[in-house]
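Spelled out from the first residue to the last, the chains are:
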Amino acid sequence: MKISLVLATIHRTDDIGRLVASLCVQTTRPWELIVVDQNVDDRVVPYVDQARSAGLAVQHLRLDKPNLSRARNLGIAGASGDVIAFPDDDCWYEPDLIAQVAQSFALHPSWSALVAQWVERVQAQGGMADDGQMLSATAWRNFRGGDASSISLFMRATMFQTHGGFDERLGVGQWYGAGEETDFVLRALSSGALIGRCGAVRVHHHFASPLRDQPGPHWRAVLRRARGTGALYVKHKLSLWVTLRGLFAPPITALAKGRGCAAFGVALAASLGRIQGAWAWIFKR
């Protein structure tokens, strides 16, 4: 099985080196690494050279206007693997990850995609995913389907031929600052795609604390990301109850659980962002 990795990157340097190092020690090498470079300088070039020197097949593509979804779509268009994945530029893989992905798809030939274990997230949340657990379209439309971050998604290339790429209006770099992977999963599940969880495939990526030392920037980041969630309520015509719960529950829950002023401010930003995103999608899209 040929596995293509699409790495969309901007601003980072040393973290890319850690990812490349983890790819070089894989027991089974990826088919190719496609670096979609959104920087205005050549900071990524040494790591591209490092990967090539280690024997990895590397494509180095440029994108002049930062847009995470567009960068990934560019990588998808250039990918030749049977399976495509999307490591962030601050991820790293365990040495047997590529081998485990290939084995999992061989064991589950009907799966269109698998969701890997995001190690730091499950450790922070105190739970582990069940091997073989299938994602449910009903649960996802109720926003009760669990996590499936883009860094943990490994998808057959045919998924993109069937469902298209990521919606370039959603994601980092856009006014709707998140939600592109959730949107794709919702589209795929709605059409009957089978997506399973695989705990043996383990991706590392630091799990950020829900509250940070700089409330202002964090509040704005939460607001921007929440707009993407609000847009999904409208785009996928989710039920009135799911939409109302999503729009208004965060601050109510923070108050009910007595989480403090900082947590309430973040929850309020999430609620406001979702309202903005839903409203804008209705009237501007």
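Here goes a summary of the coordinates provided.

How each quantity is defined
- Residues numbered from 1 in each chain as written.
- Predicted model: local features only at pLDDT ≥ 70, side-chain atom pairs only at ≥ 80, totals over all residues.
- Heavy atoms only, no water.
- Helix = DSSP H or I, 4+ residues; strand = E, 2+ residues; numbered from the N terminus.
- Rg over C-alpha atoms; globule rule 2.2 N^0.38 Å.
- Buried < 20%, exposed > 50% of the residue type's maximum accessible area, 1.4 Å probe, protein only.
- Contact = heavy atoms within 4.5 Å.
- Areas by Shrake-Rupley, 256 points an atom, 1.4 Å probe, with all protein chains shown as cover.
- Lys, Arg positive; Asp, Glu negative; His and termini not counted.
- Salt bridge = Lys/Arg side-chain N within 4 Å of Asp/Glu carboxyl O.
- Polar contact = N/O pair within 3.5 Å; in protein donor to acceptor, adjacent residues only side chain to side chain.
- Patch = residues over 30% accessible without salt bridge, like charges linked within 9 Å, V, L, I, M, F, W, Y side chains within 5 Å.
- Pairing = 2+ DSSP bridges.
- Phe/Tyr/Trp six-rings, centres within 6.5 Å; stacked < 30°, edge-to-face > 60°.
- Lys NZ or Arg CZ within 6 Å of the ring centre and 35° of its normal.

Focus: the overall build of the chain
Phase 1 of the analysis: When you go through the chain residue by residue, the secondary structure sums to eleven helices and eight strands.
Phase 2 of the analysis: Against the globule reference of 19 Å for 285 residues, the chain gives a C-alpha radius of gyration of 19 Å, in line with a compact fold.
Phase 3 of the analysis: C-alpha extents for the chain along the principal axes are approximately 55 × 45 × 40 Å.
Phase 4 of the analysis: Of all 285 residues assigned to the chain, the portion counted as buried reaches 51%.
Phase 5 of the analysis: If you take every contact in the chain between residues at least 6 apart in sequence, the share linking residues at least 24 apart comes to 81%.
Phase 6 of the analysis: Carbon together with sulfur atoms contributes 56% to the accessible area of the chain, which is approximately 13200 Å² in total.

A word on the environment of Gln 276
Phase 1 of the analysis: Its place among the elements puts Gln 276 in helix α11 (residues 261–284).
Phase 2 of the analysis: For the pair Gln 276 and Leu 223, spaced 53 residues apart in the sequence, the C-alpha separation amounts to 8.9 Å.

Some words on the side chain of Glu 120
Phase 1 of the analysis: Tracing the backbone shows Glu 120 in helix α5 (residues 119–125).
Phase 2 of the analysis: Buried charge without a partner: Glu 120 forms no salt bridge, and the closest opposite charge is Arg 202, 7.8 Å away.
Phase 3 of the analysis: A polar contact is formed between the side chain of Glu 120 and the backbone nitrogen of His 205, at a distance of 2.7 Å.
Phase 4 of the analysis: Setting aside chain neighbours within four positions, we find Glu 120 in contact with Trp 92, Val 203, His 204, His 205, His 206 and Phe 207.

Side note on helix α8 (residues 180–190)
Phase 1 of the analysis: The element α8 is largely enclosed, with a buried count of nine among its eleven residues.
Phase 2 of the analysis: Taken together, the buried positions of α8 are occupied by Glu 180, Glu 181, Thr 182, Asp 183, Phe 184, Val 185, Leu 186, Ala 188 and Leu 189.
Phase 3 of the analysis: Once α8 ends, the next one or two residues include Gly 192, with phi positive near 95°.

Details of a nonpolar patch on the surface
Phase 1 of the analysis: Taken together, Leu 240, Leu 244, Phe 248, Ile 252 and Ile 275 make up a surface patch of nonpolar side chains, about 480 Å² in accessible area.
Phase 2 of the analysis: Counting residues per element, the nonpolar patch draws most heavily on helix α10 (residues 240–256), which supplies four residues.
Phase 3 of the analysis: Here Phe 248 is to be found in helix α10.

As for the sheet that holds strand β1 (residues 3–9)
Phase 1 of the analysis: Ordered by their spatial adjacency, eight strands build an open sheet running β3-β2-β1-β4-β7-β6-β8-β5, and the pairing between neighbours is mixed. Two strands lie at the open edges of the sheet, namely β3 (58–62) and β5 (92–93), each paired on one side alone.
Phase 2 of the analysis: For strand β6 (residues 113–118) and strand β8 (residues 195–204), the ladder comprises six bridges, and the chain directions are parallel. Bridge pairing links Trp 118 to Val 203 in β8.

A look at the packing of aromatic side chains
Phase 1 of the analysis: Per the counting criterion, the structure on display carries ten aromatic pairs.
Phase 2 of the analysis: Clustering of aromatic rings is evident, with ring pairs tying together Phe 86, Phe 160, Phe 166 and Phe 184.
Phase 3 of the analysis: Here Lys 2 stacks its cationic end above the ring of Trp 31, 4.3 Å away from the centre of that ring.
Phase 4 of the analysis: Residue placement shows Lys 284 over the ring face of Trp 175; its charged tip is 5.7 Å from the ring centre.

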